[in-house]
Amino acid sequence: MRIAIFTETYFPFISGVVTHIETLKQGLEAQGHQVLIVTTSPSVEKHYIQNGVLYCPAIPLKRIYGYGMANPLNLQRLAIIRRFDPDLLHIHTEFSMGIFGLFAARKLKKPVVYTLHTMYDDYMFYVAPERFQNMVKPCAHLYFRQVARHATEIIGPSPKVAEYLRRCGVERHINIVPNTVDLSAFLPQNVSPEQVQSVRDRLGILPQDVALCFVGRLGREKSIDLLIDWFSARFSGNPRYKLFIIGDGPERQALEEQIRQLHMQEQIRMLGRIEHSLLPPYYHACDLYATASLSEMNSISMLEAMASGLYVLQRLDVYNKDQIHPGTNGDFFTTADELAELIRQQGLLSPDQRAARRQTVTDFSQRYGRKEFVQAVCNVYDQAIAKYNQRRRR
């Protein structure tokens, strides 16, 4: 099968969506399929293909870190896709590349699979001020409903996708395919103790400490400011407890200023963007993964943390709680006091209990691997092709 995958961002930009697409690409190619990634690149002036990726000129969007906006109806790009001759087009974006994917599918008479990755209601502040949200959200829902209407099949990584699309007015069947990534690099047997100890020494993590981390895009929707506030309110002045924030994004400067105002520079460290290949020992150097975000659908960073053995503390989101089995691989919190209690419980564990907890979490993370993920997506591809062909025969 020949598959064209459309995304607004790709490497070298790092995000959960990029990691998801790379995992899918590698898995499809391992099964003998041919894949062409079609993405924007604000740094190029003309279209070019390199290593199976078509890079398209785009205008950078300063308010949305790492994103660009390309011409969605480009005929030169269409000619390149036509030469690739895909059996199916898979869009992972609703914007310039997604619109182009729908346009190309219509011109080439091919089926389209649409994966929704984002709870856009949590991102509307990038588009319009708060006072206009009541007008913007209904318009956005209408737009996403139209994107879904033109797709042959729809995929979402969690039931939260179905709930969101229902809210947008989409009544069609939605295939739930949980995210996965190649977690092998994060498993304990593949991360040397020397690498981990080197990171712990560099970050000043002592054996008796409780170290938390968050890994992801530093955007307002991630509620990192809330995590900092709640952590500071309960652990300020107790150097045994530390929080490390890994990533970059538009909120980085504001978060750094927040930490300074709270006088928490010794306990809360912003580590910036770390190359994905260098992340495993940073996860392993910590004890817990914490997130206050309510905008996730199926967090890939959380999967990587669990493969690394980190017990996850997740702010309760009733529509996105399937990744956590309380008491096994993590727990939920809704208040600063609940978060603090879960952190203190980690601090009360003996070294043997900590090791046992880590092993339990790692084992849990292996229940759904890349092979199963890719096969589930291929099943949706087969459904889309069969459905499209059936419609054309009518």
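Residues numbered from 1 in each chain as written. Predicted model: local features only at pLDDT ≥ 70, side-chain atom pairs only at ≥ 80, totals over all residues. Heavy atoms only, no water.

**Student:** Looking at this structure, how should I read the sheet that holds strand 11 (residues 210-215)?
**Tutor:** In a beta sheet, neighbouring strands are held together by backbone hydrogen bonds and run either parallel or antiparallel to one another. Strand order in the open sheet made by the six strands is 13-12-11-14-15-16, with parallel pairing throughout. Of all the strands in the sheet, the pair left with one neighbour each is strand 13 (268-272) and strand 16 (330-333). Neighbour-to-neighbour, the strand axes of the sheet open up by a mean angle of 25 degrees, direction not taken into account. Here two bridges tie strand 11 to strand 14 (residues 288-291), and the two strands are oriented parallel to one another. (Pairing = 2+ DSSP bridges. Helix = DSSP H or I, 4+ residues; strand = E, 2+ residues; numbered from the N terminus. Axes fitted to C-alpha atoms, helices over the stretch in contact; angles between N-to-C directions.)

**Student:** How do you make sense of the pattern of salt bridges when you look at a structure like this?
**Tutor:** Should the charged atoms of two oppositely charged side chains come close, the side chains can pair. Applying the stated criterion to the full structure yields 14 salt bridges. Put simply, Arg 167 and Glu 163 hold a salt bridge, and the shortest N to O gap is 2.8 Å. With a gap of four residues between them, Arg 167 and Glu 163 both fall in helix 5 (residues 159-167), about one helical turn apart. The class of Arg 167 is partly exposed, set by a relative accessible area of 38%. Taking the shortest distance from any N to any O, the salt bridge between Lys 242 and Asp 209 comes out at 2.9 Å. Placement of Lys 242 in strand 12 (residues 241-246) and of Asp 209 in the loop between helix 6 (193-203) and strand 11 is noted, with a sequence separation of 33 residues between them. We classify Lys 242 as buried; its relative accessible area is 9%. When salt bridges that share partners are traced, they join Asp 248, Arg 252 and Glu 256 into one network. (Salt bridge = Lys/Arg side-chain N within 4 Å of Asp/Glu carboxyl O. Buried < 20%, exposed > 50% of the residue type's maximum accessible area, 1.4 Å probe, protein only.)

**Student:** Looking at this structure, how should I read the nonpolar core?
**Tutor:** Across soluble globular proteins, you tend to see nonpolar side chains buried next to one another. Of all hydrophobic cores here, the largest spans 61 residues; its most connected members are Phe 231, Ile 245, Tyr 283, Tyr 289, Leu 313 and Ile 343. Considering each element in turn, this core owes the most residues, seven residues, to helix 7 (residues 224-235). By size, the runner-up hydrophobic cluster in this structure holds 40 residues, among which are Ala 4, Ala 70, Met 119 and Ala 162. (Core = buried A, V, L, I, M, F, W, Y, C linked by side-chain atoms within 4.5 Å.)

**Student:** Where do I start with the packing of helix 2 (residues 75-84) against helix 3 (residues 96-108) in this structure?
**Tutor:** Helix-helix packing is described using two parameters, namely the angle between the two axes and the distance between the axes. Put simply, helix 2 and helix 3 touch, their axes get as near as 10 Å, and they point 60 degrees apart. Relative to helix 3, the element helix 2 lies oblique. Taken as a pair, helix 2 and helix 3 cross one another with a handedness that is right-handed. Of helix 3, the residues touching helix 2 (which contributes Leu 75, Arg 77, Leu 78, Ile 81 and Arg 82) are Met 97, Phe 100, Phe 103, Ala 104, Lys 107 and Leu 108. Classifying every residue of the contact of helix 2 with helix 3 by side-chain character gives eight nonpolar, no polar and three charged. (Parallel < 35°, antiparallel > 145°, perpendicular 65-115°, else oblique. Left-handed = near helix turned anticlockwise from the far one by under 90°. Contact = heavy atoms within 4.5 Å. Nonpolar A, V, L, I, M, F, W, Y, C, P; charged D, E, K, R; others polar.)

**Student:** Please clarify how the pairing of strand 12 should be interpreted in this entry.
**Tutor:** A regular strand places its side chains on the two faces of the sheet in alternate fashion. Counting buried positions over the six residues of strand 12 gives six, a clear majority of the element. With burial as the criterion, each face of strand 12 is covered, one bearing Tyr 241, Leu 243 and Ile 245 and the other bearing Lys 242, Phe 244 and Ile 246. Running through helix 7, the crossover from strand 11 to the neighbouring parallel element strand 12 is right-handed. Here four bridges tie strand 12 to strand 13, and the two strands are oriented parallel to one another. By the bridge assignment, Ile 246 is partnered in strand 13 with Gly 272. Read as a crossover between parallel neighbours, the route from strand 12 over helix 8 (residues 252-261) to strand 13 is right-handed. (Right-handed = clockwise from strand over helix to strand, strands pointing away.)

**Student:** Which parts of the structure should I look at to understand helix 10 (residues 300-307)?
**Tutor:** Think of an α-helix as turning once every 3.6 residues; residues three or four places apart then point the same way. The buried count for helix 10 comes to eight of eight residues, which makes it a mostly enclosed element. Restricting attention to buried positions, one finds in helix 10 the residues Ile 300, Ser 301, Met 302, Leu 303, Glu 304, Ala 305, Met 306 and Ala 307. If you follow the buried residues of helix 10, they end up packed against helix 1 (16-30), strand 11, helix 9 (280-285), strand 14, strand 15 (311-315) and helix 12 (351-365). Note on helix 10: the residue one or two positions beyond its end, Gly 309, has a positive phi of about 90 degrees.

**Student:** So what exactly am I meant to see when it comes to the packing of aromatic side chains here?
**Tutor:** When we look at a pair of aromatic rings, we describe it by the centre distance and by the angle of the planes. Tallying each qualifying case throughout the model produces twelve aromatic pairs. Consider the rings of Phe 231 and Phe 235, whose centres lie 5.4 Å apart with planes at 35 degrees: the pair is tilted. Of the two residues, Phe 231 and Phe 235 are both situated in helix 7; the distance of four residues between them amounts to about one turn of the helix. Three or more aromatic residues joined by ring pairs make a cluster, and in this case those are Phe 95, Tyr 143, Phe 144 and Tyr 164. Over the ring of Phe 100 we find Arg 77; its NZ or CZ atom is 4.6 Å from the centre of that ring. (Phe/Tyr/Trp six-rings, centres within 6.5 Å; stacked < 30°, edge-to-face > 60°. Lys NZ or Arg CZ within 6 Å of the ring centre and 35° of its normal.)

**Student:** Mind showing me how you'd approach the sheet that holds strand 2 (residues 34-41) here?
**Tutor:** An order of 3-4-2-1-7-8-9-10 is seen for the eight strands of this open sheet, with the pairing classed as mixed. In this open sheet, the two strands that pair with only one neighbour each are strand 3 (48-50) and strand 10 (175-176). As paired strands, strand 9 (residues 153-156) and strand 10 are joined by two bridges and run parallel to one another. What sits directly across from Gly 156, in strand 10, is Ile 176. Here helix 13 (residues 370-393) sits on the sheet in contact with strand 1 (2-7), strand 7 (88-91), strand 8 (112-115), strand 9 and strand 10, set at roughly 160 degrees to strand 9.

What is shown is where atoms sit, not what they do.
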